[in-house]
Amino acid sequence: MKKVSISFYADEKTLCCKKVSLEQNLAEIRKILGNKISENTFFYNKDAQIEIDDENDYSLSEIVQESKVFLKTICEIKIENQFTLKKENIPIEGAIEIKTEGEIKLFKYPMILFNDIEESECHPILVVGETGAGKTTLINALVNFLMEINYDDNFRYLLITEDVKTTAVSSTEGIHIYNIKTRKEKYKIIDTQGYGDTRGMEKDIEITNKIKEAFMDKITSIKSVCYVMNSNKGRLDGRQKFIFSGIIDMFGEDIKENFIAMLTFSDFSEPIAIDSLKASKVFSEIIPSIEEPWYLQFNSKSIIEKKRKSKMEEEKFEYTMDNFKIFIKKVITLPRKSMSQSKEVLETRKIIEINVKALRLLLKKQMNKINELNNTKKFIQDNQKVIINRKNDFLIPVNREYPEKVKLDNGIKANNCNICKMTCHEGCKDTGPLEFFFKYYCNSFSNRKCIACENKCLCENHELCDYKYVWTSKKEYMQYSEIVKEYGLAKEVNETIKIINLIGKIENEIQKLDKECRITEATLKSENDHLQQIALNKNTYQSNTEFIDYLIQEEEKNQEDGYLGRIQKLKEMKEEFLTIINVSSKKTKELL
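Residues numbered from 1 in each chain as written. Predicted model: local features only at pLDDT ≥ 70, side-chain atom pairs only at ≥ 80, totals over all residues. Heavy atoms only, no water.

### As for the sheet that holds strand β3 (residues 41–45)
Thought 1: What the five strands build is an open sheet, ordered β2-β1-β5-β3-β4; its pairing is mixed. Edge positions in the sheet fall to β2 (13–20) and β4 (48–50), since each of these pairs with one other strand and no more. Ignoring strand direction, the axes of neighbouring strands in this sheet form an average angle of 35°.
Thought 2: Summarising the sheet, β3 and strand β5 (residues 68–73) pair through three bridges and their orientation is antiparallel. Note on β5: the bridge partner recorded for Phe42 is Lys72. (Pairing = 2+ DSSP bridges. Helix = DSSP H or I, 4+ residues; strand = E, 2+ residues; numbered from the N terminus. Axes fitted to C-alpha atoms, helices over the stretch in contact; angles between N-to-C directions.)

Here you go:
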């Protein structure tokens, strides 16, 4: 069927433009328009309203006027089926009244425990967002929708209060899990700590790590990932892009259709935030995979607060409830996704991030050794006659790498290899008397072997320390006779042959080290290629370098106490991300 562009208008306002076939019937067109029209929005044939039951009998060609189709809404939406609003409501058993605000009594929603069957049947909903985006109020409003609260009811539920532990079935720093039962369905709300508060990037990273831990230990499947954002939010700045990129980093490719943007503080006009999300490189790549609607608007306070009874307040209430109805219908129909691929993404990112530090150190050592050998070879070649005719031993300048111990901040430990003399993982927590056991659970270990240190040593050869190793280069002088002995040529009598053989052995060592560099590089590239196949966010490291540039600019502009130290740390982080990018694109010379 040939498709043409048709403009759709509802209530004299532009609705959308779609490519459709004129042969399609109006029932099919209604499905294409989706949530852009409601069940009380009707097509018109000239001035005659076409009933929904009759839409199969009309083709689009019968009502189109100069590539335009007109619709009208004739009444307010009524919420039906399991979410039909009751005329009267009373608090459920176990709900505790905590306070009264104006005409509204606020009840704490009770802690609900699921049995194994209920756990397998419930709909898990993960909620993430920035501090101040209205995430808590949105979740509280959602609970009131699920419990079928009416505008005229004199009470509301609060799922999230200051005393989280009396409501949440699981509560750890940064993650709180709540169970909700309705008449027909069960839901699990996974609430996360807000990103982007005044404590800065380190706190954002800490929150992300808490969510990652929950993924590994407590969350086995997901139905919906809700990204909460202020509907009036303009262009995303560097930090906000970093935050959103960090959220996307945690998921596998298979989760993208389960995302939805929840836009808060809405007055139900066209939200500014959708342009911001479309302009975001990360989210814009997800949108095509999300079945419409990919975003919904809410005025959560209209559900929780009832300042005064008015037509406008009631309309906000009903509109928000209608969008919750659309959201829950979407959640119920979405496929339940196992977190196994997302866990694989997290594990792969962990390996890459550990490997990249080891890679940079190993490549630095290898390249420095290559430079040392090249300089030694050149020095011997340039001074060949002097060496042959010398009466005394000859001194040759060399640069050698040595490990130095650098003290860490209080409470922070590093997992150090006693054989390789290198730090395999920095940032381990101080576990006191349990230190001996906890070192075996460090992220740098896999199957009791270290994935980071040069010789892939056993975990038994490692130790949790309050210092880290930093390798530094020092210029020294070696006697020519020591170098000859080092390469097993001390017994050679003929000096000319000795020099030729010495240069040959040095060249062989250079080739060997160069080959080791390529193997080190290929290892990281292999991990990153695998990540590209399974990860939802395929541009994470590029996004992070852009964000770090933004942070460096902010630090240089504000120049607050300690800014030079923070800039140095940011530059080190950027170098690690660039290492991954350069390895992926085989830019070996840019690795150091």
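After that view of the structure, there is still more to cover.
### A short note on the side chain of Gln297
Thought 1: With respect to the helices and strands, the residue Gln297 is situated in strand β16 (residues 295–297).
Thought 2: Accessibility expressed as a relative area gives 8% for Gln297, which makes it buried.
Thought 3: At 2.7 Å, the side chain of Gln297 and the side chain of Ser266 are in polar contact.
Thought 4: A polar contact of 3.4 Å, which involves the side chain of Gln297, links it to the backbone oxygen of Ser269. (Buried < 20%, exposed > 50% of the residue type's maximum accessible area, 1.4 Å probe, protein only. Polar contact = N/O pair within 3.5 Å; in protein donor to acceptor, adjacent residues only side chain to side chain.)

### Description of the nonpolar core
Thought 1: Ranked by internal contacts, the top residues of the largest apolar core, which has 40 residues, are Tyr157, Leu159, Ile180, Ile189 and Phe327.
Thought 2: If you list the elements that add at least two residues to this core, you get β8 (123–129), α3 (135–146), β9 (155–158), β11 (175–181), β12 (186–192), β14 (224–230), β15 (259–264) and α9 (311–333).
Thought 3: Looking at this core, the element that brings in the most residues is α3, giving seven residues.
Thought 4: With 30 residues, the next largest nonpolar core counts Ile177, Val225, Ala273 and Ile290 among its residues. (Core = buried A, V, L, I, M, F, W, Y, C linked by side-chain atoms within 4.5 Å.)

### Regarding helix α1 (residues 26–33)
Because an α-helix packs 3.6 residues into every turn, residues spaced three or four apart end up facing the same way.
Thought 1: The set of residues buried in α1 consists of Leu26, Ala27, Ile29, Arg30 and Leu33. Projected down its long axis, α1 carries its buried residues within an arc of 160°, all on one side.
Thought 2: Buried residues along α1 sit in contact with β1 (4–10), β2, β3 and β4.
Thought 3: N-capping of α1 is provided by Asn25, with a side-chain oxygen placed 3.1 Å from the backbone N of Ala27.
Thought 4: Remark: Gly34 follows α1 within two positions and exhibits a positive phi of approximately 55°. (Arc of directions from axis to C-beta. Contact = heavy atoms within 4.5 Å.)

### Observations concerning the packing of aromatic side chains
Thought 1: All chains considered together, the criterion is met by eleven aromatic pairs.
Thought 2: Relative to Phe70, the ring of Tyr9 has its centre 5.4 Å away and its plane inclined at 25°; by these criteria the two rings are stacked. Taken together, the residues Tyr9 in strand β1 and Phe70 in strand β5 connect sequence positions 61 residues apart.
Thought 3: You can call Phe70 partly exposed: its relative accessible area is 37%.
Thought 4: Both rings, one in Tyr109 and one in Tyr157, keep their centres 5.9 Å apart while their planes meet at 80°; by these two values the pair is edge-to-face. (Phe/Tyr/Trp six-rings, centres within 6.5 Å; stacked < 30°, edge-to-face > 60°.)

### Examining empty space enclosed by the protein
Thought 1: Per the counting criterion, the structure on display carries two cavities of 30 Å³ or more.
Thought 2: Approximately 70 Å³ is the volume found for the largest cavity.
Thought 3: For the lining of the largest cavity, the leading source of residues is helix α10 (residues 340–382), giving four residues.
Thought 4: Grouping the amino acids of the lining of the largest cavity by side-chain chemistry returns six nonpolar, one polar and four charged.
Thought 5: Taken as a whole, the second largest cavity encloses approximately 50 Å³ of empty space.
Thought 6: Lining the second largest cavity, in full, are Ile125, Val127, Leu138, Ile139, Leu142, Cys226, Met262, Phe324 and Phe327.
Thought 7: Taken together, the elements giving at least two residues each to the lining of the second largest cavity come down to β8, α3 and α9.
Thought 8: Element by element, the count of residues in the lining of the second largest cavity is highest for α3, at three residues.
Thought 9: Tallied by class, the residues present in the lining of the second largest cavity amount to nine nonpolar, no polar and no charged. (1 Å grid on protein atoms, 1.4 Å probe; cavity = no way out; pocket = protein on both sides within 12 Å on 5 of 7 lines; lining within 4 Å. Points joined across faces, edges and corners; volume = space filled by probe spheres on them. Nonpolar A, V, L, I, M, F, W, Y, C, P; charged D, E, K, R; others polar.)

### Regarding the environment of Glu404
Thought 1: Topologically, Glu404 is positioned in strand β18 (residues 395–407).
Thought 2: Note on Glu404: relative accessible area 34%, which makes it partly exposed.
Thought 3: In sequence terms Glu404 and Thr472 are 68 residues apart; their C-alpha atoms lie 7.2 Å from each other.
Thought 4: Those residues in contact with Glu404, other than ones at most four positions away along the chain, are Lys468, Tyr469, Val470, Thr472 and Lys474.
Thought 5: At 3.4 Å, the side chain of Glu404 forms a polar contact with the side chain of Thr472.

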